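Letter by letter, the chains look like this.
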Amino acid sequence: MHPLVTLGVLLVVIATIPLLVRMGRRQARGRLGGAALMLGLAFSHLFDPAKAEAMETIDRQREQRDEAGQDGA
């Protein structure tokens with residue numbers, strides 16, 4: 001199910017890019033340009049594989065530290 005959700009979100013983003021570019025050209029200093037930029041940053045943050053791997057490593061280290069703390073107490 002997760003790959004389908006990811007694919008669906010990706011298709012929505014790709015479908016909205018031309019609209020956002022057109023709106024960004026008309027209102028270069030408007031709020032919509034900023035919203036488009038924030039949307040792009042959010043999706044790049046969401047689909048960054050290196051960040052996801054780093055977060056998994058951090059979570060794994062926290063779990064190991066918690067388990068070691070419970071064993072030693």
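Since this is a predicted model, take the numbers as computed values, not measurements.

**Student:** An account of the overall build of the protein chain is requested, with residue identities and associated values reported.
**Tutor:** Per the secondary structure count, the protein chain includes three helices and zero strands. The secondary structure elements of the protein chain, listed N-terminal to C-terminal, are α-α-α. Split into buried and exposed, the 73 residues of the protein chain put 3% on the buried side. By element, 63% of the accessible surface of the protein chain is carried by carbon and sulfur atoms, the whole surface being about 6400 Å².

**Student:** Outline the environment of threonine 6, supporting the account with residue identities and numerical values.
**Tutor:** Along the chain, threonine 6 turns up in helix α1 (residues 2-26). Through-space distance from the C-alpha of threonine 6 to that of phenylalanine 47 is 8.8 Å; in sequence the pair is 41 residues apart.

**Student:** Explain a negative patch on the surface residue by residue, including any values.
**Tutor:** Together, Glu53, Glu56, Asp59, Glu63, Asp66 and Glu67 make up a negatively charged patch on the protein surface. Here glutamate 56 shows up in helix α3 (residues 49-72).

**Student:** Kindly report on the environment of leucine 19, identifying the contributing residues and their values.
**Tutor:** Summarising the element assignment, leucine 19 is placed in helix α1. Put simply, leucine 19 and alanine 36 are 17 residues apart on the chain and 9.8 Å apart in space, counted from C-alpha to C-alpha.

**Student:** Run through the confidence of the model for the protein chain, naming residues and quoting values.
**Tutor:** On average, the protein chain scores 77 in pLDDT, and the residues at 70 or more come to 81%. Highest mean pLDDT in the protein chain belongs to α3 (82); lowest belongs to helix α2 (residues 31-46) (73).

Calculation notes
- Residues numbered from 1 in each chain as written.
- Predicted model: local features only at pLDDT ≥ 70, side-chain atom pairs only at ≥ 80, totals over all residues.
- Heavy atoms only, no water.
- Helix = DSSP H or I, 4+ residues; strand = E, 2+ residues; numbered from the N terminus.
- Buried < 20%, exposed > 50% of the residue type's maximum accessible area, 1.4 Å probe, protein only.
- Areas by Shrake-Rupley, 256 points an atom, 1.4 Å probe, with all protein chains shown as cover.
- Patch = residues over 30% accessible without salt bridge, like charges linked within 9 Å, V, L, I, M, F, W, Y side chains within 5 Å.
- Salt bridge = Lys/Arg side-chain N within 4 Å of Asp/Glu carboxyl O.
- Lys, Arg positive; Asp, Glu negative; His and termini not counted.
- Charge placed at Lys NZ, Arg CZ, Asp CG, Glu CD.
- pLDDT = per-residue confidence, 0-100.

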